[in-house]
Amino acid sequence: MHNTEEKAVVYWRKIPHLKCDAVSTKPFHNSSTLTFSSATADATRCKFASVSVAETKLHHDFAPTATQLLKHPLAVIAFLPRDVSLFSAGAIAGAAAKTVTAPLDRIKLLMQTHGVRVGQESAKKAMSFIEAITVIAKEEGIKGYWKGNLPQVIRVVPYSAVQLFAYEIYKKIFRGQNGELSVVARLTAGAFAGMTSTFITYPLDVLRLRLAVEPGYRTMSQVALSMIREEGIASFYRGLGPSLIAIAPYIAANFCVFDLLKKSLPEKYQKRTETSILTALLSASLATLTCYPLDTVRRQMQLKGTPYTTVLEALSGIVARDGVVGLYRGFLPNALKTLPNSSIKLTTYDLVKRLIAASEKEFQTITEENRNKQQNINSQA
């Protein structure tokens, strides 16, 4: 959403006895050769040792001093590469959102996987929201609600950062020749971003699920070693297909609706925090409602001993055993978790992007002031 085009400032001084004046205003890149016109000849090319080219953002000759940074602390952020700032923002936002909503996520997982864990012949094939809360409290105590949260946080740090950053990259790739981004292009960018982040962090997601719902494991390393020993490396990617299928439409709908809703509002409302929160809630609600069944299929295919090998087999099996409602097991806690989770992540990311833009503007303002002061000193010398 930010223009990443590099800009340069050219500083030059007249060299005595050289009769040519700079008239070229065309942009140039990575060159110390400028075009000049002479009063007595056509355009010629002159090279100057005194010509310097520098990026406007971090031109160190005129960068803010320590005193200026104390007066304008926001400008400090501009020293960081923008990509680093955006990655950090996505990681922190994702980790905070996952930790706050971890209890609801654990409840949802128990409800989603109860039928497979208790066996096909069990009369009790479904677990209610209240039952899941009670079982966790009785068997594991308060800490049980955050069981499996560490691998989830470890997973979501790169996941959130990669997803949000990849979305920006894919939007640039799919942008039309006129610079506009169509609805289809936005949906495609969101789908690719979701699949990219899912593929990279999928093994951690499987570890988190096993640690959360299978008894007997204490740490991530125990789960990982057991999976390698008993099921092989391929077990870390079991259910990857439905995961990619599930995440692609979810992220596509979520990000696209969020962007389009904000874009449709008057400009004075677009930069408000409450606008980001409301649009994030609406986009997450729509995406969750339409994509949740595929998430249930994915979870049941990730379990050890699962009877399903394909998405269609899992869909038909779940419907045959539990009916259509079985595809929405755990929907309530998932919705309660997903809506604030998505709101926190998207709102924080939106705020940080505006903060980065403001810091760059402040940095450039100070830099320009310092440059003008230096030019005044040079002209008086």
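**Re the side chain of Ser343**
Assignment of secondary structure puts Ser343 in helix 12 (residues 331–380). Taking the relative accessible area as the measure of exposure, Ser343 reaches 7% and is therefore buried. A distance of 2.8 Å separates a polar side-chain atom of Ser343 from the backbone oxygen of Leu339. Sequence-distant contacts of Ser343, defined by excluding residues within four places in its chain, comprise Ile277, Ala280, Leu281 and Thr348.

**Section: helix 10 (residues 273–302)**
With 30 residues, helix 10 should reach 44 Å at 1.5 Å per residue; the first-to-last C-alpha distance of 38 Å falls well below that figure. Where helix 10 bends most, at Cys291, the angle is about 55°, and the proline Pro293 comes one to four residues later.

**Some remarks on the pattern of salt bridges**
Side chains that differ in charge, positive against negative, can pair when their charged atoms come close. Under the criterion given, the structure shown has 16 salt bridges. Taking the shortest distance from any N to any O, the salt bridge between Glu180 and Lys263 comes out at 3.8 Å. Here Glu180 is found in the loop between helix 5 (149–174) and helix 6 (183–213), whereas its partner Lys263 is found in helix 8 (residues 240–264), with 83 residues between them in sequence. Its relative accessible area of 47% is what places Lys263 among the partly exposed residues. Each of Glu168, Lys171, Arg186, Asp259 and Lys353 takes part in one network of salt bridges that share partners.

**With respect to helix 11 (residues 311–322)**
With twelve residues, helix 11 extends 16 Å from end C-alpha to end C-alpha; this agrees with the ideal 16 Å at 1.5 Å per step. Those residues of helix 11 that sit buried are Val311, Ala314, Gly317, Ile318, Arg321 and Asp322. Taken around the axis of helix 11, the buried residues stretch over an arc of 130°, which confines them to a single face. Seen from the open side of helix 11, the exposed residues pointing more than 90 degrees away from its buried face are Leu312 and Ala320. Among the residues of helix 11, the N-terminal cap falls to Thr310, whose side-chain oxygen and the backbone nitrogen of Glu313 are separated by 3.1 Å. Count one or two residues on from helix 11 and you reach Gly323, which has phi positive near 80°.

**Observations regarding the packing of aromatic side chains**
Scanning the model with the defined rule gives ten aromatic pairs in all. Taken together, a centroid distance of 5.6 Å and an interplanar angle of 70° make the contact between Phe174 and Phe192 edge-to-face. In this pair, Phe174 sits in helix 5 while Phe192 sits in helix 6, placing the two residues 18 residues apart along the sequence. Following the ring pairs from residue to residue traces out a cluster consisting of Tyr170, Phe174 and Phe192.

**Digging into the side chain of Thr296**
Secondary-structure assignment places Thr296 in helix 10. Setting aside its immediate chain neighbours within four residues, Thr296 contacts Gln112, Ile318, Gly326, Leu327 and Arg329.

**Here's the deal with the confidence of the model for the protein chain**
Within the protein chain, residue pLDDT values average 77, and 80% of them lie at 70 or more. The low-confidence segment residues 1–59 (pLDDT under 50) makes 82 contacts with residues lying over four places distant or belonging to another chain.

**Let's talk about the environment of Leu181**
As for its position among the elements, Leu181 is in the loop between helix 5 and helix 6. Overall, the relative accessible area of 9% leaves Leu181 in the buried class.

**So, the packing of helix 6 against helix 10**
Running from N to C, helix 6 and helix 10 cross one another at 75°; their axes reach a closest spacing of 10 Å. The orientation of helix 6 relative to helix 10 falls into the category roughly perpendicular. For the pair helix 6 and helix 10, the contacting residues are Tyr202, Asp205, Val206, Arg208, Leu209 and Arg210 in the first and Arg298, Arg299 and Gln302 in the second. When grouped by side-chain class, the residues that make up the contact of helix 6 with helix 10 number three nonpolar, one polar and five charged.

**Some words on a nonpolar patch on the surface**
Together, Leu289, Val319, Val324 and Tyr328 make up an exposed nonpolar region whose accessible area comes to about 330 Å². Along the chain, the position of Leu289 falls in helix 10.

**Section: the nonpolar core**
One broad rule of soluble globular proteins: the nonpolar side chains tend to lie buried together. Among the nonpolar cores identified, the biggest contains 26 residues, and Tyr250, Phe255 and Leu346 are the most heavily contacted of them. In terms of residues, this core owes the most to one element, helix 5, which gives seven residues. Apart from the residues within four sequence positions on either side, Leu346 is in contact with Leu164, Asn254, Phe255, Phe258, Ala280 and Ser283. Of all hydrophobic cores here, the second largest spans twelve residues; its members include Ile107, Leu109, Met127 and Ala212.

**Digging into the packing of helix 2 (residues 82–100) against helix 5**
When two helices pack together, you describe them by how their axes are tilted relative to each other and by the distance separating the axes. Close contact between helix 2 and helix 5 brings their axes to 7 Å; oriented N to C, the two are set at 140°. Remark: the crossing between helix 2 and helix 5 carries right-handed chirality. Residues Asp83, Phe87, Gly90, Ala91, Gly94, Ala95, Lys98 and Thr99 of helix 2 form the contact with helix 5, whose participating residues are Asn149, Gln152, Val153, Arg155, Val156, Val157, Ser160, Ala161, Val162, Leu164 and Phe165.

The rules behind the values
The written sequence of each chain sets the order in which its residues are numbered from 1. With pLDDT at 70 or above as the cut-off, local features in this predicted model cover only qualifying residues; side-chain atom pairs require 80 or more to be listed or tallied, and sums for whole chains, interfaces and linings still use all residues. Here the side-chain values reflect all heavy atoms present in the structure, with hydrogen atoms and water set aside. Only DSSP runs of H or I reaching four residues or more are called helices, and only runs of E reaching two or more are called strands; each is numbered from the N terminus. Only protein chains enter the area calculation, which uses a 1.4 Å probe; residues under 20% of their type maximum are buried, those over 50% are exposed, and those in between are partly exposed. Contacts described as polar in this section are N or O atom pairs within 3.5 Å, which, within protein, must combine one atom able to donate a hydrogen with one able to accept it, while residues neighboring in sequence count only if both atoms come from side chains. Whether two residues touch is decided by their heavy atoms; if any such pair falls within 4.5 Å, the residues are in contact. A helix's residues, less one, multiplied by 1.5 Å, set its expected span. The angle between axes fitted to the seven-residue stretch ending at a residue and the seven-residue stretch beginning at it gives the bend at that residue. One speaks of a salt bridge when a side-chain nitrogen belonging to Lys or Arg is within 4 Å of a carboxyl oxygen belonging to Asp or Glu. Arc definition: it is the arc formed by the directions from the helix axis to the C-beta atoms. Side-chain rings of Phe, Tyr and Trp (the six-membered ring for Trp) are treated as a pair once their centres are within 6.5 Å; stacked means planes under 30 degrees apart, edge-to-face means over 60, and tilted covers the remaining angles. Known as pLDDT, the predictor's per-residue confidence is scaled from 0 to 100. Helix axes are fitted to C-alpha atoms over the stretch in contact, other axes to C-alpha atoms as well, and angles between N-to-C directions run from 0 to 180 degrees. In these notes the angle categories are as follows: under 35 degrees is roughly parallel, over 145 is roughly antiparallel, 65 to 115 is roughly perpendicular, and the rest is oblique. Residue polarity is assigned by list, with Asp, Glu, Lys and Arg as charged and Ala, Val, Leu, Ile, Met, Phe, Trp, Tyr, Cys and Pro as nonpolar; anything else, Gly included, falls into the polar class. Distance thresholds for patches are 9 Å for like charges and 5 Å for nonpolar side chains (Val, Leu, Ile, Met, Phe, Trp, Tyr), applied to residues having over 30% relative accessible area and no salt bridge. The Shrake-Rupley method, run with a 1.4 Å probe, gives the accessible areas here. Residue values count only the displayed protein chains as cover. Here, nonpolar core refers to any group of buried Ala, Val, Leu, Ile, Met, Phe, Trp, Tyr and Cys residues whose side-chain atoms link them within 4.5 Å. Handedness of a crossing follows from how the near helix is turned relative to the far one, being left-handed for an anticlockwise turn of less than a right angle and right-handed for a clockwise one.

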